[in-house]
Amino acid sequence: MAAGSTYTPIATNTVSGSSTSSITFNSFSGYTDIVIISNGTFNTGDNGYNLTFNSDTGTNYSTTYLYGDGSSAASVRASNANAISAARMNTSFGVGITHIMNYANSTTYKTVLSRGNSGALVNANVGLWRSTSAITSLTVACPAGISNFVAGTTFTLYGITAA
Amino acid sequence: MLNIIAGSLSVGVTPSTSSYESIATTTVGSGGTQSITFSSIPATYTHLQLRTSHATNNTTNIYFRINGSTTAAEYGYHYIVGTGSGSASAASDVSHVNTYLPLAYNSNPSNFTAGVFDFLDYTSTTKNKTIRGLYGQDNNGSGYIQFGSSLWINTAAITSLTILSTGGDYINQYSSFALYGIKGV
């Protein structure tokens, strides 16, 4: 069996100021999966951050959600959306891990797993980007109604290489 | 149940560039396959992680079997699932009727199910083995997201892992299964 160290840190973006509503990562070739670790807050609201690929702003995304609020658990879905909804954040708390599986293949649609905590809610989501294009850039952004990430919010990208 | 979800996020295995290693990967070729086996898994790690991207020829589960054991009494599992509307549902199977454990469901063969599974303390010879997973599939109008917890009631170290389809179904081309080792200190 082959073996080799992986789960390689690629880049970290730490938000400064109060005007950052999106962050784009462009350089992450040569891996099998991409993982995003998020730790931060929105200026207002409680929601998952948006995730889009290759600057595609069309309605080519969908998400199935599972979430709990401390007393019950429920599930909802968004179809034909402009972004995948990933790990949740609110104004005081938000940690998450998002897996973009087999992102460089040019044969299949791309599936994303994400889970997070916002303080008020805990969520696990699965998202689909209906494109067979290899993912060469990804953007994390505030969802509708939320204007910016708060200073100190971090997004760190890791690459995992299969044997 | 919600505390379990929150807990799984906060106590997750934390990899680093020096402690997380690729062991082996299988990508399914043309015509598909009914089973994949990772054998001779090295005992030099503390935990294993299996990362999957897979589809099947029908809307069906795929399963896994540890060390080739076909003793149904050794296998049980619990899960919580969301299917896009209403309340989440949870269930368990501790009746030990099958000679394998469910890995993940493929709800639409046109799309790929993704999964991340942790096999904790897999070399222990004193503990039964617990496997936890986050997996799901979205199909733009259908799909599911699920947390699963599986138990192998056997204290043997895990040395092989077989992923299989049943009932004549098969795992589709382009499906990939990647096994990683996570070191402890």
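Keep in mind that what you see is a predicted model, and the values were worked out from it rather than measured.

## Concerning the overall build of chain A
Right, on to step 1. Counting secondary structure elements, chain A contains zero helices and 13 strands.
Right, on to step 2. A compact globule built from 163 residues would reach a C-alpha radius of gyration of about 15 Å, and chain A, at 15 Å, matches this within 12%.
Right, on to step 3. Taking the principal axes of the C-alpha coordinates as reference, chain A spans close to 45 × 35 × 30 Å.
Right, on to step 4. Sorting the 163 residues of chain A into buried and exposed places 47% on the buried side.
Right, on to step 5. The contacts in chain A between residues at least 6 apart in sequence include a share of 75% that link residues at least 24 apart.

## Section: the overall build of chain B
Right, on to step 1. What chain B contains, in helices and strands, is one helix and twelve strands.
Right, on to step 2. Each helix and strand of chain B, placed in order from N terminus to C terminus, yields the pattern α-β-β-β-β-β-β-β-β-β-β-β-β.
Right, on to step 3. The C-alpha radius of gyration computed for chain B amounts to 16 Å, which stays within 12% of the reference 16 Å derived for 185 residues, consistent with globular compactness.
Right, on to step 4. Projecting the C-alpha coordinates of chain B onto the three principal axes gives extents of approximately 45 × 40 × 35 Å.
Right, on to step 5. For chain B, the proportion of its 185 residues judged to be buried stands at 42%.
Right, on to step 6. Put simply, 79% of the contacts in chain B that link residues at least 6 apart link residues at least 24 apart.

## Some points on the interface of chain B and chain A
Right, on to step 1. Contact residues are listed per partner, giving 45 residues for chain B and 46 residues for chain A.
Right, on to step 2. For the side of chain B that touches chain A, the secondary-structure elements that each account for two or more residues are helix H1 (2-10), strand S1 (20-27), strand S3 (47-54), strand S5 (75-82), strand S8 (113-119), strand S9 (129-138), strand S10 (143-152) and strand S12 (176-182) of chain B.
Right, on to step 3. Among the elements that take part in the side of chain B that touches chain A, S1(B) stands out by supplying six residues, more than any other.
Right, on to step 4. Of the residues contributing to the side of chain B that touches chain A, the split by class is 21 nonpolar, 21 polar and three charged.
Right, on to step 5. In terms of strand pairing, strand S1 (residues 4-5) of chain A meets S1(B) through two bridges, oriented antiparallel.

## Regarding the nonpolar core
Right, on to step 1. Grouped together as the largest cluster of nonpolar side chains are 83 residues, with contacts concentrated most on Ile34(A), Leu51(A) and Leu179(B).
Right, on to step 2. Setting aside chain neighbours within four positions, we find Leu51(A) in contact with Ala83(A), Ile84(A), Ala86(A), Thr98(A), Val112(A), Gly127(A), Leu138(A) and Val140(A).

## Comments concerning the sheet that holds strand S4 (residues 33-39) of chain A
All names here are of chain A.
Right, on to step 1. Reading across the sheet, the eight strands line up as S2-S13-S4-S9-S10-S11-S6-S7 and stay open at both edges, with antiparallel pairing between neighbours. At either end of the open sheet lies a strand with only one pairing partner, and these are strand S2 (8-14) and strand S7 (73-81). Strand-to-strand twist of the sheet, defined as the mean angle between neighbouring strand axes without regard to direction, takes the value 15 degrees.

## Notes on the pairing of S4(A)
Side chains on a regular strand alternate between the two faces of the sheet.
Residue and element names in this part refer to chain A.
Right, on to step 1. Within S4, five of the seven residues are buried, which leaves it mostly tucked inside the rest of the structure.
Right, on to step 2. Bridge analysis of S4 against strand S13 (residues 154-160) gives seven bridges, and the strand direction is antiparallel. Directly across from Ile34, in S13, lies its bridge partner Gly159.
Right, on to step 3. As judged from the six bridges shared by S4 and strand S9 (residues 95-100), these two strands associate in the antiparallel manner. Its bridge partner lying in S9, Ser38 is registered against Gly96.

## Quick notes on unusual backbone geometry
Right, on to step 1. Phi at Asn54(A) is positive, roughly 50 degrees, even though this residue is not glycine.
Right, on to step 2. Tracing the sequence through the fold places Asn54(A) in the loop between strand S5 (47-53) and strand S6 (61-68).

## Some points on the sheet that holds strand S12 (residues 138-141) of chain A
In sheet architecture, strand pairing relies on hydrogen bonds along the backbone and comes in two forms, parallel and antiparallel.
All names here are of chain A.
Right, on to step 1. Taking strand neighbours across the sheet as the criterion, the four strands line up as S3-S12-S5-S8 in an open arrangement whose pairing is antiparallel. Two strands lie at the open edges of the sheet, namely strand S3 (22-25) and strand S8 (84-89), each paired on one side alone. This sheet shows a mean twist of 25 degrees between the axes of neighbouring strands, independent of strand direction.
Right, on to step 2. In this structure, S5 lies alongside S8, joined through four bridges in antiparallel fashion. When the bridges of S8 are listed, Asn47 appears paired with Met89.

## Considering the confidence of the model for chain B
Residues and elements named next belong to chain B.
Right, on to step 1. Mean pLDDT for chain B: 90, with 91% of residues reaching 70 or above.
Right, on to step 2. Here residues 1-13 is modelled with pLDDT under 50, and outside its nearest four sequence neighbours on either side it reaches 20 contacts, counting other chains as well.
Right, on to step 3. Here the complex is predicted with pTM 0.93, and the ipTM for its interfaces comes to 0.94.

## Digging into the environment of Asn58(B)
All names here are of chain B.
Right, on to step 1. Along the chain, the position of Asn58 falls in the loop between S3 and strand S4 (60-66).
Right, on to step 2. Measuring from C-alpha to C-alpha, the distance between Asn58 and Asn106 comes to 7.7 Å, with 48 residues separating the pair along the chain.
Right, on to step 3. Setting aside its immediate chain neighbours within four residues, Asn58 contacts Pro109 and Asp169.

About the cut-offs
Residues numbered from 1 in each chain as written. Chains lettered and ligands numbered in written order. Predicted model: local features only at pLDDT ≥ 70, side-chain atom pairs only at ≥ 80, totals over all residues. Helix = DSSP H or I, 4+ residues; strand = E, 2+ residues; numbered from the N terminus. Rg over C-alpha atoms; globule rule 2.2 N^0.38 Å. Buried ≥ 20, exposed ≤ 12 C-beta atoms within 10 Å, placed from the backbone. Contact = placed C-beta atoms within 7 Å. Nonpolar A, V, L, I, M, F, W, Y, C, P; charged D, E, K, R; others polar. Pairing = 2+ DSSP bridges. Core = buried A, V, L, I, M, F, W, Y, C linked by C-beta atoms within 7 Å. Axes fitted to C-alpha atoms, helices over the stretch in contact; angles between N-to-C directions. pLDDT = per-residue confidence, 0-100.

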